[in-house]
Amino acid sequence: MNDDGTVNRSALPAIFNPEDLNALELALQIKDKFGGKITVITMGLPAAGAILRDSLFRSADDAILITDQRCAASDTLATSYILSCAVRKIGDFDIVLCGRQAIDGDTAQVGPQLAEKLGIPQITYVEELIELNGKTITARRNIGAGWQQVRTKLPALLTVTADANESRVAAAKKMMKYKNARTPIEVEQETRRQRTEDGRQNSEDSEVEIKKLVEKTCSELKEKGLLIKQWDLDFVGADLNWCGRSGSPTKVHRIQSVVLAAKESKNVEPNDQGISDMIHELIEDKIIA
Ligand SMILES: Cc1cc2nc3c(=O)[nH]c(=O)nc-3n(C[C@H](O)[C@H](O)[C@H](O)COP(=O)(O)OP(=O)(O)OC[C@H]3O[C@@H](n4cnc5c(N)ncnc54)[C@H](O)[C@@H]3O)c2cc1C
């Protein structure tokens, strides 16, 4: 954690949030049966580009990264506002599919708040799609001690649980096609890294050169259909008062490390076997996926 109570994201690897994979799988199943176009949107640091590539490998049609330093420190309210601006920017849509919740925050708030902001009905905790026609969608939702079947008119938002499906693996052909797909910010980062490795100086001249190189690479990627869309808050028309820190009423008061008492702890042998056994146990207990 950073001192201000935000997550130090640069210290963490970017991963595909597990239930977002279930949301993508449901989107793919709907497309397989009814046709349509799947656009994956994520708000995050440039590293989130890898997750969008993964979505393309898994057969999504389009991918959009919302990256902007002014998004930092967004709580769920600000995040759902920014995502709602992006969805409105896309315009025409029938269904918005979200994972039930992220494994870092565990709030399950972003999907429902997004539906509120878009002014569309929502079905949360979806574990099965029952029926879809041109006007309505019917789904079974988990309500803890049982289930509920809900029908609503389209457009609608669904949040999808891990029980809904098993996500398909990346398609080899798509991996070959999209392995070089990049967002503009990744192109810039790679260009800068390459120049540092080549031992070239950073100066005002080199900044101009970098800009030209980035523009050239981006236009080459775009021609090949490999430039992943990158939007900022200005582009989606977001009101900055509702974004980032100023748009986030949730304040982290205190972060506490929990130290387990001896009887709740377990000794793990400090070797590969010990770690492997522990990981298997955590997977079996569904603590990690
Ligand atoms: C115990 C606990 C309970 C909490 N409970 C709630 C709760 O009930 N409701 C709630 O709303 N929040 C809750 N939070 C979240 C809290 O509000 C957030 O921690 C805080 O708002 C900042 O989020 P972060 O640490 O994830 O910050 P950040 O790391 O800044 O991330 C916030 C969001 O901004 C994105 N982001 C960061 N940088 C960029 C960038 N350059 N471009 C685009 N996107 C970017 C991140 O991907 C993320 O989605 C809780 C946090 C804790 C620790």
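Above this text sits the structure in question.
This report concerns the structure included in the present document. (Residues numbered from 1 in each chain as written. Predicted model: local features only at pLDDT ≥ 70, side-chain atom pairs only at ≥ 80, totals over all residues. Heavy atoms only, no water.)

### Overview of the pattern of salt bridges
- All chains considered together, the criterion is met by 20 salt bridges.
- Notably, a salt bridge pairs Glu 207 with Arg 192, separated by 2.9 Å at the nearest N-O pair. Residue Glu 207 is located in helix H7 (residues 204–223), and its partner Arg 192 is located in helix H6 (residues 184–197); the two are separated by 15 residues in the primary sequence.
- The exposure class of Arg 192 is partly exposed, given its relative accessible area of 29%.
- Among the charged side chains, a salt-bridge network with shared partners connects Glu 25, Asp 32 and Arg 168. (Salt bridge = Lys/Arg side-chain N within 4 Å of Asp/Glu carboxyl O. Helix = DSSP H or I, 4+ residues; strand = E, 2+ residues; numbered from the N terminus. Buried < 20%, exposed > 50% of the residue type's maximum accessible area, 1.4 Å probe, protein only.)

### Considerations on the nonpolar core
- One finds Leu 24 and Ile 38 to be the most contacted residues of the largest nonpolar core, which totals 24 residues.
- Every element with two or more residues in this core is listed here: helix H1 (18–34), helix H2 (49–57), strand E2 (62–66) and H7.
- In this structure Leu 24 touches Phe 16, Ile 38, Val 40, Ser 55, Arg 58 and Ala 60, once residues within four positions along its chain are discounted.
- Formed by 21 residues, the second largest nonpolar core is a distinct cluster that contains Tyr 81, Leu 114, Leu 118 and Trp 231. (Core = buried A, V, L, I, M, F, W, Y, C linked by side-chain atoms within 4.5 Å. Contact = heavy atoms within 4.5 Å.)

### A few points about the packing of helix H3 (residues 76–90) against helix H4 (residues 110–118)
- Between H3 and H4, the least distance of the axes is 8 Å, while the angle of their chain directions is 50 degrees. Between H3 and H4, the crossing angle belongs to the class labelled oblique. Crossing hand, H3 versus H4: right-handed. Here Thr 76, Leu 77, Thr 79, Ser 80, Tyr 81, Leu 83, Ser 84, Val 87 and Arg 88 of H3 lie close against H4, whose contacting residues are Val 110, Gln 113, Leu 114, Lys 117 and Leu 118.
- Of the residues in the contact of H3 with H4, the class split is 7 nonpolar, 5 polar and 2 charged. (Axes fitted to C-alpha atoms, helices over the stretch in contact; angles between N-to-C directions. Parallel < 35°, antiparallel > 145°, perpendicular 65-115°, else oblique. Left-handed = near helix turned anticlockwise from the far one by under 90°. Nonpolar A, V, L, I, M, F, W, Y, C, P; charged D, E, K, R; others polar.)

### Focus: the sheet that holds E2
- Ordered in space as E1-E2-E8, the 3 strands form an open sheet in which the pairing is parallel. The open sheet has two edge strands, strand E1 (39–43) and strand E8 (229–231), and neither has a second partner. Each neighbouring strand pair of the sheet contributes to a mean axis angle of 20 degrees, computed without reference to strand direction.
- Two elements, E2 and E8, share 3 bridges in a ladder whose sense is parallel. Looking at the pairing, Leu 65 lines up with Gln 230 of E8.
- On the sheet, H2 packs against E1 and E2 and is oriented at approximately 170 degrees with respect to E2. (Pairing = 2+ DSSP bridges.)

### Notes on the site of the ligand
- Close to the ligand lie 22 residues, the nearest being Val 7, Arg 9, Asp 68, Ala 73 and Thr 76.
- Contacts to the ligand include Ala 73, whose backbone N or O atom sits 2.5 Å from an oxygen atom.
- At 2.8 Å, a side-chain N or O of Thr 76 approaches an oxygen atom of the ligand.
- A class-by-class count of the residues in the shell around the ligand yields 9 nonpolar, 10 polar and 3 charged. (Near = heavy atom within 4 Å. Polar contact = N/O pair within 3.5 Å; in protein donor to acceptor, adjacent residues only side chain to side chain.)

### Topic: the environment of Phe 57
- Considering the arrangement of structural elements, one finds Phe 57 in helix H2.
- A C-alpha to C-alpha distance of 8.2 Å links Phe 57 and Lys 177, two positions 120 residues apart in sequence.

### Remarks on the sheet that holds strand E3 (residues 95–99)
- Here 5 strands make up an open sheet; going across it, the order is E3-E7-E4-E5-E6 and the pairing mixed. The open sheet has two free edges, formed respectively by E3 and strand E6 (147–153), since each of these has just one partner strand. Neighbour-to-neighbour, the strand axes of this sheet turn through a mean angle of 45 degrees, independent of strand direction.
- The sheet contact formed by strand E4 (residues 122–132) and strand E7 (residues 156–160) spans 3 bridges and is parallel. Counterpart to Ile 123 in the pairing with E7 is Leu 158.

### Focus: H6
- Compared with an ideal rise of 1.5 Å per residue, which puts 14 residues at 20 Å, H6 spans 20 Å between its outermost C-alpha atoms and is within 8% of the ideal.
- Residues Glu 186, Val 187, Thr 191 and Arg 195 constitute the buried set of H6. Buried positions in H6, seen along its axis, are confined to an arc of 165 degrees and lie on one side of it. Among the exposed residues of H6, those oriented more than 90 degrees off its buried face are Thr 196 and Glu 197. (Expected span 1.5 Å × (residues − 1). Arc of directions from axis to C-beta.)

### Notes on H1
- In this model, H1 (17 residues) spans 25 Å end to end at C-alpha, consistent with the 24 Å of a helix rising 1.5 Å per residue.
- Every buried residue belonging to H1 is among Glu 19, Leu 21, Asn 22, Ala 23, Leu 24, Glu 25, Leu 26, Ala 27, Leu 28 and Ile 30, and all of these are buried.
- Considering only its buried residues, H1 is in contact with E1, H2, E3, E4 and E7.

Function cannot be inferred from these measures alone, as they are strictly geometric.
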